[in-house]
Each structure stands twice: as structure tokens, then as C-alpha cells.
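Chains, contacts and geometry: an overview
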Amino acid sequence: MAAGSLAKLLLKQFGISVLSHTIAVGHVRLERQATWDEIAAICDNLESPLRCVDAETEAKMKAEVDHVHRAGDTVGGTFEVIARGLPPGIGTHVQWDEKLDAKLARAVMSIQAVKAVEIGTGIESAGSFGSEVQDEIRYDRASKRFNRSSNRAGGLEGGITNGEDVIVRGYLKPISTLRRPLLTADMSTKEEVKAAYERSDVCVVPAGGVVGEAMVAFELAGAFLEKFGGDSLEETRRNFEGYQRQLDNF
């Protein structure tokens, strides 16, 4: 987490922000795309119990958590991490294990209870036609940048950033420590017993999102430094600004 916080501070020096929010808890899901301003506001709101941008949806999520708590159960869900401000060209397609989307997937999958990772609309896209999935490319003369008409790829193509927001989702299973314990086996007698219970959170999705935010920032910062290098912040900034000018003049 400390390394992730430092990574966020580094990226912020270059106008890159990494934020997270909760989009699903149990059977309750945010059924619309959150805006960047909404996500920034909920990250600043320390009173929000579940870090969901929509108050009505968050109330339903809270009711879901209360229900499973009374039942002695646990509940999983989904968090979303968004990185804004990354220039195109960060990452590589040269090696399978060096692709930036592969590194991000590995980092988020390493978080306890995460059982699936999604980049952009990967899960939905798997059941769609190519014409429904591809992000069309266009050139914006005002910003002097190529951009996309949509962002189903989640800001990454071929393991490299394309200038759109990088979007990564982590899917967490309900944690296994239940107040109503499940069956297991005694290691000595091999007999069937009930699992021991010490303590249990009911829902770890908001905390998982904070960890996911740190892990995504850590990987992005590493790829950023690999691209621009430098022995000091000033040197890295010089290289970064030179790259931005190169994009402007393309």
C-alpha cells in the first residue's frame, strides 16, 4: 500500500490520476457508467460506507450487506479502478509477460479474494460481435491527438496505452470466514468438523478497491518510468515533456 501511495504521488506530478469505486456488491450493481467527477467525489467522501457513486444504489448495497450479516454469511462484489491522463505509448507488445494489461491483470489478481480481472468491457465483449466491440479511431485536431469513439478496450491495445482512460475491474469472491461456519476436515482425525470461527468481515469490496487502486498505480508508475527513465524527477519531466511535444508534432 505504501508503494502504491508513492506511485500515485509520482503519477500525479505528471497529471495522471488513479481512482477507484465500488460497482457491485452481491446482487446489487451500479447500472450506469460513473463520471470521473462522481468517482473523485466519492473517493474524498470518507463517510461513504461502500464507495458507490450513486446514493440509491449504495443504499441497496448496504441493505444487501445487512442481510448477509444477519444471516451469518458474507458477500463479494466488484470494484473498478480508473487511471486518467496517461499518454499513448506506455507499455510494450514485445513480450507476453511485459504487456501492460498483463501486468495490471496479474497485480489485481494478486489481491486476496479477487477471482477475476477485467480490462475495459472484456466480459461483455466476449459475447459480442466485432462490429459491436471495436473502438473506432479518429483524429482530434484541437488536441492534436488520435482518440477513440468509445473505450471498450479500457485504454489498452496490444499491451500499450492508447491515450484513453485505463479501466480495470476486480471481482472479489465472498470471503470464507463465516459466522455460520462451513464444513471442513480435521487434519489429524480426518473426520468432518465445522470450520473454526474467530472473526469475519461481511464485505471487503470497498477495501479491495483501495488496494486495487494502489496496485494499478504501482504497475502504471513502473511502466511510466520504464518509458521515460531519468535519475531525477526533473530529468523524467524533461523526457516526458519532450515526448508530449513529439506527439503534438506528429
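To keep things clear, this report deals only with the structure shown in the data block. (Residues numbered from 1 in each chain as written. Predicted model: local features only at pLDDT ≥ 70, side-chain atom pairs only at ≥ 80, totals over all residues. Heavy atoms only, no water.)

Let us look at the packing of helix α7 (residues 205-228) against helix α8 (residues 233-248). Interhelical geometry of α7 versus α8 gives an angle of 80° and a closest axis separation of 9 Å. Considering the angle they form, α7 stands roughly perpendicular to α8. Across the interface between the two elements, Phe224, Leu225, Lys227 and Phe228 of α7 pack against Thr236, Asn239, Phe240 and Tyr243 of α8. Of the residues that constitute the contact of α7 with α8, the class distribution is 5 nonpolar, 2 polar and 1 charged. (Axes fitted to C-alpha atoms, helices over the stretch in contact; angles between N-to-C directions. Helix = DSSP H or I, 4+ residues; strand = E, 2+ residues; numbered from the N terminus. Parallel < 35°, antiparallel > 145°, perpendicular 65-115°, else oblique. Contact = heavy atoms within 4.5 Å. Nonpolar A, V, L, I, M, F, W, Y, C, P; charged D, E, K, R; others polar.)

A few words now on the side chain of Glu164. Within the secondary structure, Glu164 sits in the loop between β8 (160-161) and β9 (166-172). Of the side chains with opposite charge, Arg148 lies nearest to the buried Glu164, which makes no salt bridge, at 5.3 Å. (Buried < 20%, exposed > 50% of the residue type's maximum accessible area, 1.4 Å probe, protein only. Lys, Arg positive; Asp, Glu negative; His and termini not counted. Salt bridge = Lys/Arg side-chain N within 4 Å of Asp/Glu carboxyl O.)

With that out of the way, let us pick up the pattern of salt bridges. All chains considered together, the criterion is met by 15 salt bridges. One salt bridge connects Glu80 with Arg169, and the closest N-O pair in it is separated by 2.8 Å. Pair noted here: Glu80 is in strand β3 (residues 77-84) and Arg169 is in strand β9, with a separation of 89 residues, a long-range link.

Summed over all chains, the structure comprises 8 aromatic pairs. Taking 5.3 Å as the distance between ring centres and 85° as the angle between the ring planes, the aromatic pair formed by Phe228 and Phe240 counts as edge-to-face. Of this pair, Phe228 sits in helix α7 while Phe240 is found in helix α8, placing the two residues 12 residues apart along the sequence. You'll find Phe228 and Phe240 in the same group, each marked buried. Seen in terms of ring centroids, Phe228 and Tyr243 are 5.3 Å apart; in terms of plane orientation they differ by 65°. Their pairing is edge-to-face. Here Tyr243 lies in helix α8 and Phe228 lies in helix α7, a separation of 15 residues in the sequence. Residue classification places Tyr243 among the buried residues on the basis of a relative accessible area of 12%. Clustering of aromatic rings is evident, with ring pairs tying together Phe14, Phe224, Phe228, Phe240 and Tyr243. (Phe/Tyr/Trp six-rings, centres within 6.5 Å; stacked < 30°, edge-to-face > 60°.)

Nothing here speaks to function; it is all geometry.
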